Amino acid sequence: MEAEELDSCGTAALVTEPQFTQLFRKYLEAEGVLDNRFRVQKLPDGAMALPVLDQSLQEHHLQHLKESIPPGRICALIWIQNPIPSKSAQVRSPIQKLREELVSLVLGHGAVWSEELEKDLPNSWQRRGDLVLLSEDSFKATLWGKMGQELWETVAGAVGAKRLARRSHIQSDSFRSPTVTLLLGEDGWVEHVDNGIRYRFDVTRCMMSPGNITEKLRVASLRCAGEVVVDLYAGIGYFTLPYLVHAGAAFVHACEWNPHAVEALQQNLQLNGVQHRCRIHQGDNRKLELRDVAHRVNLGLIPTSEEGWPVACRALRKDVGGILHIHQNVESFPGKALTPGQDHQLLASKRQEDKGVHGGKDTVSGAGRGALCPTAQMAWQKWAEATGTQIRTLLQELDGKPWRTNILHIELVKSYAPHVHHIVLDLECRPLS
């Protein structure tokens, strides 16, 4: 991503308390990670957000900053929508440049610049290498269609791209395929770097969500040396690669049924030199024959991965068990009042000895945790406890022996929609015998 262009739909940012802002700023500037295109800004809960370059930020940067402040203080990575441009970046933004070029194009065609055309301009876009991905709510006016390729060549020149594409809704097919139309260029293959990991994929066939960067960094920080991991929804390698490249997993079984994602995954394993430690299982993972092999299972599918729970339970080691990382979109309704004391009980989930589900203190964390109302966190905890019970029941039915489950951690990944949050439950599963 070029430093002078404010062309993303948001930016990654490190959040900390006001008294540590200068400490964080100096370190991030020295490491070349601070994103000077945007201002450091104060969040509604009083915390400070320092914008960072997501392609440059690595796990060791987070670890260093966490160790530089007292235990229990805030150091979290979040994704900010519509960040505030810095003064130096406000001289002539790419959006202003694009508007000027398009006004000139329209007038050159003998047409009149109108309020309709003004509202039809994109407010932001995503950049993937030399390809810019426009949003679906732009360039819908009839006049644009009459300009043909000249329009897209003008747009590409204004935003500094060689290729253009436009995204629309996610298709309702089994692959959750993106609806992306290539407007300029021969193909949609791009390369993206996150935390030192190279990802190649076709934007017209596969997705890569910038909002998931926090979870990819968290996976990269896990200690998985000697472990076998099963990734039930591997995609292009969003989590498979962090497990292999940074977390030190001995071997990963990557399951994926989208042939376009499988093609990209094969390339990405080779690009990062880890193809010898991964086996791709192409097809419906509900038919997966893996049994009794995994120390960890990653279930990275939203809105829910529930159909994969029985598969994950079968894959876990029966002698020692393991950990499930379960993704879910969880709804919360602020209209439901909490009784006095419920908010204080949230992070210390009560022991449920009769159910075999346990939860330790301070299990909830992640991007923007402090700004969330207790109702949302209570909904996550309730879902986590119910999920722990279901998983324990599944394991006992499969194994014929008693198991216990323990809520190790609940991670907030991002807000998916109003009162809907994408979270990850780290659930420990162990045989009692």
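Let me begin by describing the structure that accompanies this report. Going along each chain's sequence as written, the residues are numbered from 1 onward. Whole-chain, interface and lining totals are the exception, using all residues; otherwise, since this is a predicted model, local features are given only for residues with pLDDT of at least 70 and side-chain atom pairs are given and counted only at 80 or more. To get the side-chain values, take all heavy atoms of the structure and skip hydrogens and water.

### Digging into the overall build of the chain
Here is step 1 of the chain: Secondary structure elements are defined from DSSP: runs of H or I of at least 4 residues count as helices, runs of E of at least 2 residues count as strands, and each element is numbered from the N terminus. Looking only at helices and strands, one finds 12 helices and 19 strands in the chain.
Here is step 2 of the chain: Per-residue accessibility, obtained with a 1.4 Å probe over protein chains only, is compared with the maximum for each type, and a residue is labelled buried under 20%, exposed over 50%, and partly exposed between these values. Taken over 433 residues, the chain has a buried fraction of 52%.
Here is step 3 of the chain: Surface exposure here means Shrake-Rupley accessible area, sampled with a 1.4 Å probe, where a residue is shielded only by the protein chains that are shown. Surface exposure of the chain reaches about 19800 Å², of which carbon and sulfur atoms provide 50%.

### Considerations on the sheet that holds strand S3 (residues 48–52)
Across a sheet, strands are paired by hydrogen bonds formed along the backbone, either parallel or antiparallel in direction.
Here is step 1 of the chain: Strand order in the open sheet formed by four strands is S2-S3-S1-S4, and the pairing between neighbours is antiparallel. One side of each edge strand has no neighbouring strand; the edge strands of this open sheet are strand S2 (41–42) and strand S4 (75–81).
Here is step 2 of the chain: Strand pairing follows a simple DSSP-based rule, namely that at least 2 bridges must link the two strands. The pairing of strand S1 (residues 10–16) with S3 spans five bridges and is classified as antiparallel. Each bridged residue has a counterpart across the sheet, and for Ala 12 the counterpart in S3 is Val 52.

### Description of the environment of Arg 279
Here is step 1 of the chain: Structurally, the position occupied by Arg 279 is in strand S13 (residues 278–282).
Here is step 2 of the chain: For Arg 279 and Val 230, which are 49 residues apart along the polypeptide, the C-alpha to C-alpha distance reads 9.8 Å.
Here is step 3 of the chain: For this analysis, residues touch if any pair of their heavy atoms sits within 4.5 Å. When sequence neighbours within four positions are dropped, the list of residues in contact with Arg 279 reads Phe 251, Val 252, His 253 and Ala 254.

### Quick look at the pattern of salt bridges
Here is step 1 of the chain: Salt bridge, as applied in this entry: a Lys or Arg side-chain nitrogen positioned within 4 Å of an Asp or Glu carboxyl oxygen. For the coordinates displayed, the defined rule picks out 16 salt bridges.
Here is step 2 of the chain: Where Glu 307 meets Arg 286, a salt bridge forms, and the shortest distance between an N and an O atom there is 2.9 Å. With Glu 307 in the loop between strand S14 (296–299) and helix H10 (309–315) and Arg 286 in the loop between S13 and S14, this residue pair connects regions lying 21 residues apart in the sequence.
Here is step 3 of the chain: The exposed category is assigned to Glu 307, whose relative accessible area is 56%.
Here is step 4 of the chain: The salt bridge partner of Glu 428 is Arg 430, with a shortest N-O separation of 3.0 Å.

### Regarding the pairing of S3
Here is step 1 of the chain: By the criterion of burial, S3 is predominantly enclosed, with five of the five residues buried.
Here is step 2 of the chain: With burial as the criterion, each face of S3 is covered, one bearing Met 48, Leu 50 and Val 52 and the other bearing Ala 49 and Pro 51.
Here is step 3 of the chain: As paired strands, S2 and S3 are joined by two bridges and run antiparallel to one another. Each bridged residue has a counterpart across the sheet, and for Lys 42 the counterpart in S3 is Met 48.
Here is step 4 of the chain: With antiparallel pairing between neighbouring strands as the criterion, S2 and S3 make up a hairpin whose turn holds five residues, including Gly 46 at a positive phi of roughly 95 degrees.

### Quick word on the nonpolar core
Here is step 1 of the chain: Grouping buried Ala, Val, Leu, Ile, Met, Phe, Trp, Tyr and Cys residues that are joined through side-chain atoms within 4.5 Å yields what is termed a nonpolar core. Residues Val 230, Leu 232, Val 297, Leu 299, Leu 324, Ile 326 and Ile 391 are the most contacted members of the largest nonpolar core, which totals 33 residues.
Here is step 2 of the chain: Of all elements in the fold, only S14, H10, strand S15 (322–331), helix H12 (374–399), strand S18 (403–417) and strand S19 (420–431) reach the threshold of two or more residues within this core.
Here is step 3 of the chain: It is H12 that contributes the most residues to this core, seven residues altogether.
Here is step 4 of the chain: Discounting chain neighbours no more than four positions away, the residues touching Leu 324 are Val 297, Leu 299, Ala 312, Leu 316, Ile 391, Leu 425, Asp 426, Leu 427 and Cys 429.
Here is step 5 of the chain: Grouped together as the second largest cluster of nonpolar side chains are 32 residues, Cys 224, Ile 236, Leu 241 and Leu 265 included.

### Quick word on the environment of Asn 123
Here is step 1 of the chain: Within the secondary structure, Asn 123 sits in the loop between helix H4 (115–119) and strand S5 (125–128).
Here is step 2 of the chain: Taking the C-alpha atoms as reference points, Asn 123 and Pro 94, 29 residues apart in sequence, are found 9.9 Å from one another.

### Description of helix H1 (residues 21–30)
Here is step 1 of the chain: Of the residues making up H1, those classed as buried are Thr 21, Phe 24, Tyr 27 and Leu 28. Each buried residue of H1 lies within a common arc of 140 degrees when the element is viewed along its axis, so the set occupies one face. Relative to its buried face, H1 has exposed residues pointing more than 90 degrees away, namely Lys 26 and Ala 30.
Here is step 2 of the chain: On the buried face of H1, the contacting elements are S1, S3, helix H2 (59–67) and S4.
Here is step 3 of the chain: Among the residues trailing H1, Gly 32 stands out with phi positive, at a value near 70 degrees. Think of it as the arc spanned by the lines of direction from the helix axis to the C-beta atoms.

### Digging into unusual backbone geometry
Here is step 1 of the chain: The amide bond that connects Ile 302 to the next residue, Pro 303, takes the cis arrangement and shows omega of 10 degrees.
Here is step 2 of the chain: By secondary structure assignment, the location of Pro 303 is in the loop between S14 and H10.
Here is step 3 of the chain: One non-glycine residue with positive phi stands out, namely Asn 195, at about 50 degrees.
Here is step 4 of the chain: Given the relative accessible area of 6%, Asn 195 is considered buried.
Here is step 5 of the chain: With a phi angle near 55 degrees, Asp 292 is a residue other than glycine that sits in the positive phi range.
Here is step 6 of the chain: Overall, the relative accessible area of 39% leaves Asp 292 in the partly exposed class.

### Regarding the packing of helix H3 (residues 94–108) against helix H6 (residues 149–159)
Here is step 1 of the chain: As a packed pair, H3 and H6 sit with axes 9 Å apart at the nearest point and diverge in direction by 150 degrees. Classified by the interaxial angle, the pair formed by H3 and H6 is roughly antiparallel. Taken as a pair, H3 and H6 cross one another with a handedness that is right-handed. Only Glu 150, Leu 151, Thr 154, Val 155, Gly 157 and Ala 158 of H6 make contact with H3, whose side of the interface consists of Lys 97, Leu 98, Glu 101, Leu 102 and Leu 105. Where helices are involved, their axes are fitted lines through C-alpha atoms of the stretch in contact, as for all axes, and angles between N-to-C directions lie from 0 to 180°. Reported orientations rely on four angle classes, namely roughly parallel under 35 degrees, roughly antiparallel over 145, roughly perpendicular from 65 to 115, and oblique for the rest. The sense of a crossing depends on the near helix, which, turned anticlockwise from the far helix by less than a right angle, makes the crossing left-handed and, turned clockwise, makes it right-handed.

### Here's the deal with the packing of aromatic side chains
Here is step 1 of the chain: Ring pairs are drawn from Phe, Tyr and Trp, using the six-membered ring of Trp, whenever the two centres fall within 6.5 Å, and their geometry is named by plane angle: stacked under 30 degrees, edge-to-face over 60, tilted for the rest. One pass over the full model with this rule turns up three aromatic pairs.
Here is step 2 of the chain: Taking 6.3 Å as the distance between ring centres and 65 degrees as the angle between the ring planes, the aromatic pair formed by Trp 113 and Trp 144 counts as edge-to-face. Highlighted residues: Trp 113 in the loop between H3 and H4 and Trp 144 in helix H5 (residues 142–145), separated in sequence by 31 residues. Each member of the pair, Trp 113 together with Trp 144, is buried.

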